[in-house]
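Inside the fold
These are the residues of each chain, in order.
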Amino acid sequence: DIVMTQTPLSSPVTLGQPASISCRSSQSLVHSDGNTYLSWLQQRPGQPPRLLIYKISNRFSGVPDRFSGSGAGTDFTLKISRVEAEDVAVYYCMQATQFPYTFGQGTKLEIK
Amino acid sequence: EVQLLESGGGLLQPGGSLRLSCAASGFTFSSYAMSWVRQAPGKGLEWVSAISASGGSTYYTDSVKGRFTISRDNPKNTLYLQMNSLRAEDTAVYYCVKDRFVGAPKFDYWGQGTLVTVSS
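Now for a quick tour of the structure. (Residues numbered from 1 in each chain as written. Chains lettered and ligands numbered in written order. Predicted model: local features only at pLDDT ≥ 70, side-chain atom pairs only at ≥ 80, totals over all residues. Heavy atoms only, no water.)

1. Re the state of the cysteines
Counted under the stated rule, the structure contains two disulfides over all chains. Sulfur-sulfur distance for the disulfide between Cys23 of chain A and Cys93 of chain A comes to 2.1 Å. Between Cys23 of chain A and Cys93 of chain A the disulfide shows an S-S torsion of about 75°. By sign, it is right-handed. Of this pair, Cys23 of chain A sits in strand 3 (residues 19–25) while Cys93 of chain A sits in strand 9 (residues 89–95), and the two are 70 residues apart along the sequence. Since its relative accessible area comes to 0%, Cys93 of chain A is described here as buried. Here Cys22 of chain B pairs with Cys96 of chain B through a disulfide, and the sulfurs are 2.0 Å apart. (Disulfide = S-S within 2.5 Å. Helix = DSSP H or I, 4+ residues; strand = E, 2+ residues; numbered from the N terminus. Buried < 20%, exposed > 50% of the residue type's maximum accessible area, 1.4 Å probe, protein only.)

2. Some details on the pairing of strand 3 (residues 18–25) of chain B
All names here are of chain B. Here strand 1 (residues 3–7) pairs with strand 3 via five bridges, running antiparallel. Note that in strand 3 the partner of Ser7 across the bridge is Ser21. With six bridges joining them, strand 3 and strand 8 (residues 78–83) adopt antiparallel strand pairing. Of the residues in strand 8, the one forming a bridge with Ala23 is Thr78. (Pairing = 2+ DSSP bridges.)

3. Some points on the environment of Ser70 of chain A
Mapping Ser70 of chain A onto the fold places it in strand 7 (residues 67–72). With sequence-adjacent residues up to four places away left out, Ser70 of chain A is seen in contact with Ile56, Asp75, Phe76 and Thr77 of chain A. (Contact = heavy atoms within 4.5 Å.)

4. A look at the pattern of salt bridges
When the charged atoms of two side chains lie near each other, side chains of opposite charge can form a pair. Counted by the stated rule, this structure contains nine salt bridges over all chains. Notably, a salt bridge pairs Arg66 of chain A with Glu86 of chain A, separated by 2.8 Å at the nearest N-O pair. Of this pair, Arg66 of chain A sits in the loop between strand 6 (58–59) and strand 7 while Glu86 of chain A sits in the loop between strand 8 (75–80) and strand 9, and the two are 20 residues apart along the sequence. Residue classification places Arg66 of chain A among the buried residues on the basis of a relative accessible area of 7%. A salt bridge links Asp108 of chain B to Lys98 of chain B; the nearest nitrogen and oxygen atoms lie 2.9 Å apart. Here the residue Asp108 of chain B occupies a position in the loop between strand 9 (92–98) and strand 10 (114–118), and Lys98 of chain B occupies one in strand 9, the gap between them amounting to ten residues. The same class applies to Asp108 of chain B as to Lys98 of chain B, namely buried. It is possible to trace a salt-bridge network through shared partners that takes in Arg66, Glu84, Glu86 and Asp87 of chain A. (Salt bridge = Lys/Arg side-chain N within 4 Å of Asp/Glu carboxyl O.)

5. Brief notes about the interface of chain B and chain A
Contact residues are listed per partner, giving 24 residues for chain B and 18 residues for chain A. A per-residue breakdown of the area chain B buries against chain A is headed by Leu45, Trp47 and Lys106 of chain B, which together make up 33% of the total. Scanning the region where chain B abuts chain A turns up zero salt bridges. (Buried area = accessible area lost by both parts, 1.4 Å probe.)

6. Description of the sheet that holds strand 7 of chain A
All names here are of chain A. Strand order in this open sheet of four strands is 1-3-8-7, and the pairing throughout is antiparallel. Of all strands in the sheet, those bounded by a partner on one side alone are strand 1 (4–7) and strand 7. On average, each strand axis in the sheet is inclined to that of its neighbour by 20°, with strand direction left out of account. Relative to strand 8, strand 7 runs antiparallel, the two sharing six bridges. The residue of strand 8 that forms the bridge with Gly71 is Phe76. (Axes fitted to C-alpha atoms, helices over the stretch in contact; angles between N-to-C directions.)

7. What about unusual backbone geometry?
Between Thr7 of chain A and Pro8 of chain A the backbone carries a cis peptide bond, its omega angle lying at -10°. Position of Pro8 of chain A among the secondary structure elements: in the loop between strand 1 and strand 2 (10–13). Here Ala104 of chain B and Pro105 of chain B are connected by a cis peptide whose omega angle stands at 10°. Residue position: Pro105 of chain B is located in the loop between strand 9 and strand 10. Its identity as a non-glycine residue notwithstanding, Lys55 of chain A has a phi of 45°, on the positive side.

If you want it as structure tokens, here you go:
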């Protein structure tokens, strides 16, 4: 199974400041079709997860442009350019390149 | 508007069985793969099972193989998860998720979840 490792697991951030979350996979996420199925999900308290970013850097419909994704191969990053109060949530990276699909442990974004 | 509505959760004893359902609307259900993802209380996300658009291919995480069965009824726009020989560690909120085996985005829509509690 592909292991997804996120850092940090907790991130206190000041409103208006940037935030960054890293995700590393135990093996390459490049699919045989040439795509890299690395996604980022946001889970606000009491809510189901929501897709933010797919295929490393593509923002899903309705996602604010302060969210961006980057990376390649086994190392990926989610960045929030200026954190807002509504961004308080747990963020998960997820690989859907190979079964079983696997998730990172989650990173809790908190406001300082 | 895409909607996924899970039902069938509840409290049951170890060794029991339960069938979860997910009613889908707002998209062409028969054209998309679907997955079940679970989240134990206070824990992270765990993918459980997936099924192809036609229902001809199914996949499971190792911990549920031989106990859980995913299926779908395309004319009824409904996804199912039959859960047998339930264990305490199966206690979780179970989410129905729109998926696709080819291309992206995957996991673009999630249901609100249904809680399964296995306890004596």
